[in-house]
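A look at the structure
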Amino acid sequence: YLCNTCIFFQECSKKQKNDDTQSTSVDALSSNDGFEEKNEFHTLADAKILLSDCLACDNCMTSEEGARVFQQNQKELFRILNLNKKCDTSKHKVLAVSICPQSLPYFAAKFNLSVNDAAKRLCGFLKSLGVHYVFDTTIAADFSILESQREFVQRYQRRNQEEHALPMFASACPGWIRYAERVLTNLVTSRICTAKSPQQIMGSLVKGYFARQQNLSPDKIFHVIVAPCYDKKLEALREDFYTALYNSQEVDCVLTSGEIVQIMEQKNVSMKDVTEVAVDSLFDEIKEGDVVRHDGKRSDGYLEHIFKHAAKELFGMDVKEITYKALKNKDFQEVTLEKDGETVLRFAAAYGFRNIQNMVLKLKKGKFLYHFVEVLACPGGCLNGKGQAQTEDGKPDKALLNQMEEVYAAIPVRLPETNMHVQKMYQDWLEGMDSKKVQETLHTKYSAVNQTASNLDIKW
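Reading the values: rules and limits
Residues numbered from 1 in each chain as written. Predicted model: local features only at pLDDT ≥ 70, side-chain atom pairs only at ≥ 80, totals over all residues. Heavy atoms only, no water. Salt bridge = Lys/Arg side-chain N within 4 Å of Asp/Glu carboxyl O. Helix = DSSP H or I, 4+ residues; strand = E, 2+ residues; numbered from the N terminus. Buried < 20%, exposed > 50% of the residue type's maximum accessible area, 1.4 Å probe, protein only. Pairing = 2+ DSSP bridges. Axes fitted to C-alpha atoms, helices over the stretch in contact; angles between N-to-C directions. Contact = heavy atoms within 4.5 Å.

1. Some points on the pattern of salt bridges
Applying the stated criterion across every chain, the model contains 18 salt bridges. Here Asp 142 and Arg 414 are joined by a salt bridge, their closest N and O atoms 2.9 Å apart. You can see Asp 142 sitting in helix H8 (residues 138-157) and its partner Arg 414 sitting in the loop between helix H16 (398-410) and helix H17 (420-428), a full 272 residues away along the chain. When the shortest N-O distance is used, the salt bridge between Lys 436 and Glu 440 registers 3.9 Å. Here Glu 440 and Lys 436 lie together in helix H18 (residues 436-442), a separation of four residues that amounts to about one turn. Accessibility expressed as a relative area gives 64% for Lys 436, which makes it exposed. Several salt bridges converge on common partners, so that one network encompasses Glu 147, Arg 150 and Asp 434.

Structure representation (structure tokens):
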């Protein structure tokens, strides 16, 4: 099957492809990976990721990127685990795994567990393999949402002075970002929020804040993200998320939720048989408590948090509940704020590439009325990422997805503003909310990449 971005690139990919390209596996592209010797992970390392599983079609990425994406697989995890079992301690790595909030409902629903039990059992399983730390990325989403809120208010206040200040597009979805940079012009990319995604902020937290707390060089940490979609593998490779001084990426490897289940199956381990272990915190010896989430039905809720924040900051209005109005379909909805009979804020949620395409066409025609759009490549949002809740033939497992949505909706909401750890880190680590370090650590830039029109001219 084709995943997120590939769906949109498929029109330009109809030129002939041989079967070898379509079925190229991890093994074929990473033969020199230090796995010649037999070890306890050898059989697990034979799991394959097909090109068709990833967004990495030959028109949306370079061959070098393709090879590096294929290296982000179970083999990389096992290579580090085996390295740590050898006597040469100078080559050992501290292995840290960070789990996305939208992955936990998948494990909970699939194994009929509460989301808190699923988090602890997943932590227990990973540590039984040899992982040192297991983190929850919700704190990284806190930072991303807070920075997005502040940026929207600033853009709104500059809207009459800067042509491309509004609308502002969300930046958390790597499938959307990849499409925007490779296909669209700076008319669109200049409007994308500069706040890093939760994944990459987590990379900064682990390789920056946590490394400093542990007195470790960033290159001594191997950081793995467990995520609901394959697109995040490519996001981890962005040049702006690489530190040349330490020859280190903020995120070294991304594994999907489904790939973690594959490891369990290959080791004949059931989640229900795993010992529960509390999830680690970035802060000293503190352990995480119960799982929390942000507002939003299936994702991190950028629209809801930014909408409520903007209503308060710009218009002095406290919005408690948000009412969505479905437009052409359930994956394109809008939210408005009225004051004195006038619509002062108009936000939209656009999920899936067909809705994204329609949105971009309206923007180019000058018929775009929205101030902010939460853009996600997957129809239905992040819970529906193609790295989880898929049947064997690559179609969404609707029954499992419905269970996941129920699990996710039942998780208590915590506002980013109320996280005292975040507020303390702004002061102690980032040198204040308006510092240069905040811009360097929590923000990035997006710009259109020149591509040949013949390759990327998509017709509908």
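2. What to know about the sheet that holds strand E4 (residues 221-227)
The strand order E2-E1-E4-E7 describes an open sheet built from four strands, whose pairing is parallel. Looking at which strands have only one partner, the edges of the open sheet turn out to be strand E2 (133-136) and strand E7 (253-256). In this sheet, adjacent strand axes meet at a mean angle of 25° when their direction is disregarded. One ladder, built from four bridges, connects strand E1 (residues 94-99) with E2; its direction is parallel. Opposite Ile 99, over in E2, you have Asp 136 as the bridge partner. Most of the contacts of helix H11 (residues 198-213) go to E4, to which it runs at about 155°, and overall it touches E1, E2, E4 and E7.

3. Let's talk about the environment of Tyr 242
Among the secondary structure elements, Tyr 242 is positioned in strand E5 (residues 242-243). With relative accessibility at 35%, the residue Tyr 242 sits in the partly exposed group. Put simply, Tyr 242 and Asp 252 are ten residues apart on the chain and 9.8 Å apart in space, counted from C-alpha to C-alpha. With residues near it in sequence (within four places) discarded, Tyr 242 still touches Asn 247, Ser 248 and Gln 249.

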